[in-house]
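Read off the chains here:
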Amino acid sequence: MAVGQINWFKFSSPATFYPLAGKLIPYFTALAVVLTVVGLYLGFFVAPTDYKQGEGYRIIFIHVPAAWMSMLIYIVMAAYAGMGLVFNTRLSSLMASALAPTGALFTFLALWTGALWGKPMWGAWWVWDARLTSELILLFLYIGFMSLKAAIDDPRRAAPASGLLAIIGVINVPIIYKSVEWWNTLHQGATIKSSGTSMETTMLTAMLVMTFAMWMYTVAVVLTRVRCEILEAERDTEWVAAELSKSS
Amino acid sequence: MNWGSAGEFFAMGGYAFYVWGSFGVTALFLLVEVIMVVHRKRTIVQRLGRRMRMQAEVKQ
Amino acid sequence: MWAALRCVVMRDLTLAMRRRADVLTTLFFFVIVVSLFPLGVGPEMDTLRLMGPGVVWVAALLASMLSLGRLFSGDYIDGTLEHLVLAPQPLTVLVLGKIAAHWLVSGLPLVLIAPLLGLQYGLSTDALWVLVLSLILGTPVLSLIGAVGAALTLGLRGGGVLVSLLVLPLYIPVLIFGAGAVDAQVTGLGPQAHLSLLGAFLVPALVFAPWAAGWALRISLE
């Protein structure tokens with residue numbers, strides 16, 4: 001266990017994590033590109049036309065992965081925020097704030113593609129369906145997290161304050177989701193299943209590959225962003241000075 | 001293979017606007033995010049480098 | 001501990017009574033917002049009866065959010081808050097006292113005036129009772145969740161708008177079940193399920209929110 005502990009603390013220090021992240025970014029970028037190409041090929045050329053929804057169903061190859069990523073990123077963000085609060089590690093707070101913009105972007109994309117999917121399928125750009133509504137609320141939660149972080153000038157206060165907010169948010173997400181679902185069934189407005197019919201294996205594969213592609217994309221972008229955050233937070237340390245003179 | 005020709009592919013069985021609207025905007029936004037992050041990284045490195053040189057001059 | 005709790009509640013109530021205008025502003029805001037809706041959507045009683053519970057609840061949400069700014073800011077400016085944080089009594093209890101006083105001053109008046117506003121929307125007597133009951137169970141939850149938001153945004157520029165961004169999404173379950181309880185009464189489903197769920201929100205909020213708000217205060221004052 002001793003080895004594991006040493007590694008843990010070693011990589012939780014910004015000074016060691018910064019170059020490590022720099023080395024990892026190209027691999028994740030390459031993975032993201034390859035998986036995107038494969039996923040798009042599967043989605044457009046291998047997966048057959050849906051007998052009910054025609055070609056319009058192909059939107060789910062980005063809609064569903066974007067929606068999954070938006071939720072996954074929020075959970076990961078809250079986990080990092082929690083680690084930052086409990087262990088007081090600077091790196092985890094920086095990771096949490098680096099994740100937020102990408103998570104908000106995927107939430108927005110899930111809403112956008114959901115609207116474009118809903119118009120031909122349901123006949124309306126927006127339906128107060130439980131999933132779409134929860135996704136909208138998730139976007140509000142991301143915006144709240146980022147605004148709180150941006151409003152506090154002192155990083156020593158901004159990190160724990162936004163971290164606490166992320167944790168409160170992640171506790172509330174299931175409650176909000178369940179209540180929106182209940183509200184939706186009571187008002188019996190839009191009880192539409194997005195894919196009630198059994199899905200073909202190729203469709204599912206394409207969706208999963210696209211999810212992994214977005215996941216790798218997220219890792220690559222977030223690592224780049226966390227490198228920015230690390231540089232700004234540690235700008236007066238010696239290792240940053242060494243790093244800068246190396247790169248210039 | 002689903003498509004007889006390139007035209008058929010781009011028509012998406014009449015759903016061209018919705019399908020390409022989704023994929024296009026997603027591609028655009030992800031691209032913009034990448035550009036913004038890379039640009040941010042570059043400006044930070046430049047700014048901190050300048051700051052470092054200035055502090056070195058002040059010390060001398 | 002009880003003495004500390006009572007002391008904080010009495011102190012905040014006394015302070016609020018000295019500035020009655022603040023209390024009345026929240027109340028009038030609530031009344032005005034609720035009265036504006038018929039002017040916007042038209043006076044058809046059938047439409048209004050459908051909208052009534054939702055409008056009253058949304059207005060209650062906004063009104064209780066507006067008054068959040070006063071929860072800690074006075075004590076923050078004159079330095080009392082730092083003494084509360086350093087006091088030997090547990091901060092959670094002191095914060096709970098402040099929240100309780102805040103609810104008595106800004107939540108309870110909303111509950112009491114709500115039946116009058118419900119009449120404007122043609123709600124039946126039974127529905128009015130359920131409305132009051134749902135507000136009694138729901139508005140404390142609003143104050144409790146709001147306290148965390150108020151503590152997090154303490155002393156920030158633009159804190160008032162910011163707190164609405166943080167807190168309103170978290171209010172959504174309370175809104176759904178609060179307005180839903182009255183709806184269920186009107187449609188004949190019976191409000192018990194909604195009201196017991198509101199109660200189920202209140203209990204964990206009572207336990208965890210003062211603790212989280214205390215934590216947020218420590219972060220903000222550091």
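Conventions used here
- Residues numbered from 1 in each chain as written.
- Chains lettered and ligands numbered in written order.
- Predicted model: local features only at pLDDT ≥ 70, side-chain atom pairs only at ≥ 80, totals over all residues.
- Heavy atoms only, no water.
- Contact = heavy atoms within 4.5 Å.
- Buried area = accessible area lost by both parts, 1.4 Å probe.
- Salt bridge = Lys/Arg side-chain N within 4 Å of Asp/Glu carboxyl O.
- Polar contact = N/O pair within 3.5 Å; in protein donor to acceptor, adjacent residues only side chain to side chain.
- Helix = DSSP H or I, 4+ residues; strand = E, 2+ residues; numbered from the N terminus.
- Expected span 1.5 Å × (residues − 1).
- Bend = angle between axes of the 7 residues up to and from the residue.
- Patch = residues over 30% accessible without salt bridge, like charges linked within 9 Å, V, L, I, M, F, W, Y side chains within 5 Å.
- Areas by Shrake-Rupley, 256 points an atom, 1.4 Å probe, with all protein chains shown as cover.

Q: It is not clear to me how the interface of chain B and chain A should be interpreted in this structure. Could you clarify?
A: By a widely used convention, the size of an interface equals the accessible area lost when the partners come together. Across the contact, 30 residues belong to chain B and 45 residues belong to chain A. Where chain B abuts chain A, roughly 3,300 Å² becomes buried across the two surfaces, and 73% of that area is made up of carbon and sulfur atoms. Here chain B is connected to chain A by 5 salt bridges. Arg-47 of chain B is the partner of Glu-232 of chain A in a salt bridge, and the nearest nitrogen-oxygen pair spans 3.3 Å. At the junction of chain B with chain A, the criterion picks out 8 residue pairs in polar contact (both at pLDDT 80 or more).

Q: What is the right way to look at helix H8 (residues 159-187) of chain C in this model?
A: Given 3.6 residues to a turn, an α-helix orients residues that are three or four positions apart in the same direction. Residue and element names in this part refer to chain C. When the terminal C-alpha atoms of H8 are compared, their 40 Å separation across 29 residues agrees well with the 42 Å that a helix rising 1.5 Å per residue should span. In the structure, H8 departs most strongly from a straight axis at Tyr-171, where the bend amounts to approximately 40° and where the proline Pro-173 lies between one and four residues downstream. Gly-188, located one to two residues past H8, shows a positive phi value of around 85°.

Q: Help me understand the interface of chain A and chain C, please; the structure alone is not making it clear to me.
A: Listed by partner, the interface residues are 27 residues for chain A and 27 residues for chain C. Taken together, the two surfaces of chain A and chain C that pack against each other cover about 2,300 Å², and 79% of this comes from carbon and sulfur. Ranking the residues of chain A by area buried against chain C places Arg-157, Leu-164 and Trp-182 of chain A at the top, with a combined share of 27%. Applying the counting criterion to the chain A and chain C interface returns 0 salt bridges. Linking chain A with chain C are 3 residue pairs in polar contact (both at pLDDT 80 or more).

Q: Would you explain a nonpolar patch on the surface in this entry?
A: Residue and element names in this part refer to chain A. A surface patch of nonpolar side chains, about 560 Å² in accessible area, is lined by Trp-68, Met-71, Leu-204, Leu-208, Phe-212 and Trp-215. Going through the elements one at a time, helix H3 (60-87) and helix H7 (201-233) are the ones with two or more residues in the nonpolar patch. Here the element with the most residues in the nonpolar patch is H7; it accounts for 4 residues. Note that Trp-215 resides in helix H7.

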